[in-house]
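Chain residues, written in single-letter form:
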Amino acid sequence: MFIGPAVRRILEQWEAIVQFVKFLESDPKKIPQSAAFKRVQATVKRAEILVQLNFIASTVTLFEAFILNFQNDEPKIHIIYEQMAGLMKKFLLRFMKGEKVEAIRAHQLSTLDLARHSQLSDGDLMIGEPTRQELKKLKEDQRKALLLGICAFFKAVAAFLQT
């Protein structure tokens, strides 16, 4: 997972990126015509981008810790099942009701029902405080759309981890 450090760096430098784009836009002669700049220019204008970046930064930490545990030369086959079950439970607890996840044993995780009635309400999703703060800055329809996307992400990753 190399996306985590990159996203955290973008978040650290966000204001500088925005200011740089505005500076270049202030004089039509300075605006680069490259496709890369145009993508950056369009991205900084998207209201939802900070929600998405903060959500990624919040979520990727789970996977980074898991991967780092296995990035050495020591044999790890004896702990992979336990570690994978732990990762799955931690991930599920971000969007599923705790009593549903805690009550299930590791060997049952692959059959856990991911239906909406087992999921947390939008206000209780574990998406990180910076993500939640950025969500508050958006219009209601944008907020709902992003939360739907976040829930879809959670379900898709959980379904993938179940396989």
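Thresholds applied
Residues numbered from 1 in each chain as written. Predicted model: local features only at pLDDT ≥ 70, side-chain atom pairs only at ≥ 80, totals over all residues. Heavy atoms only, no water. Helix = DSSP H or I, 4+ residues; strand = E, 2+ residues; numbered from the N terminus. Rg over C-alpha atoms; globule rule 2.2 N^0.38 Å. Lys, Arg positive; Asp, Glu negative; His and termini not counted. Charge placed at Lys NZ, Arg CZ, Asp CG, Glu CD. Buried < 20%, exposed > 50% of the residue type's maximum accessible area, 1.4 Å probe, protein only. Phe/Tyr/Trp six-rings, centres within 6.5 Å; stacked < 30°, edge-to-face > 60°.

A. Quick peek at the overall build of the protein chain. Helix and strand counts for the protein chain stand at eight helices and zero strands. Written out in order from the N terminus, the α and β elements of the protein chain read α-α-α-α-α-α-α-α. Relative to the globule expectation of 15 Å for 163 residues, the C-alpha radius of gyration of the protein chain, 19 Å, shows a markedly less compact shape. By principal-axis analysis of the C-alpha atoms, the protein chain measures approximately 60 × 45 × 25 Å. Put simply, the protein chain has 24 plus and 18 minus side-chain charges, and the middle of one group is 4 Å from the middle of the other.

B. Layout of the environment of glycine 123. When you line up the elements, glycine 123 lands in the loop between α6 (98-102) and α7 (129-136). With relative accessibility at 54%, the residue glycine 123 sits in the exposed group. Note: C-alpha distance between glycine 123 and leucine 147 (24 residues apart in sequence) is 9.5 Å.

C. Main features of the packing of aromatic side chains. For the structure shown, the criterion picks out nine aromatic pairs. A ring pair is formed by phenylalanine 66 and phenylalanine 70, whose centres lie 5.0 Å apart and whose planes are at 55°; its orientation type is tilted. Overall, phenylalanine 66 belongs to the buried group, its relative accessible area being 17%. Consider the rings of phenylalanine 91 and phenylalanine 154, whose centres lie 5.5 Å apart with planes at 70°: the pair is edge-to-face. Taken together, the residues phenylalanine 91 in helix α5 (residues 80-92) and phenylalanine 154 in helix α8 (residues 140-162) connect sequence positions 63 residues apart. For the residue pair phenylalanine 91 and phenylalanine 154, the accessibility class agrees, reading buried in each case. Among the aromatic residues, those joined into a cluster by ring pairs are Phe55, Phe63, Phe91, Phe95, Phe153 and Phe154.

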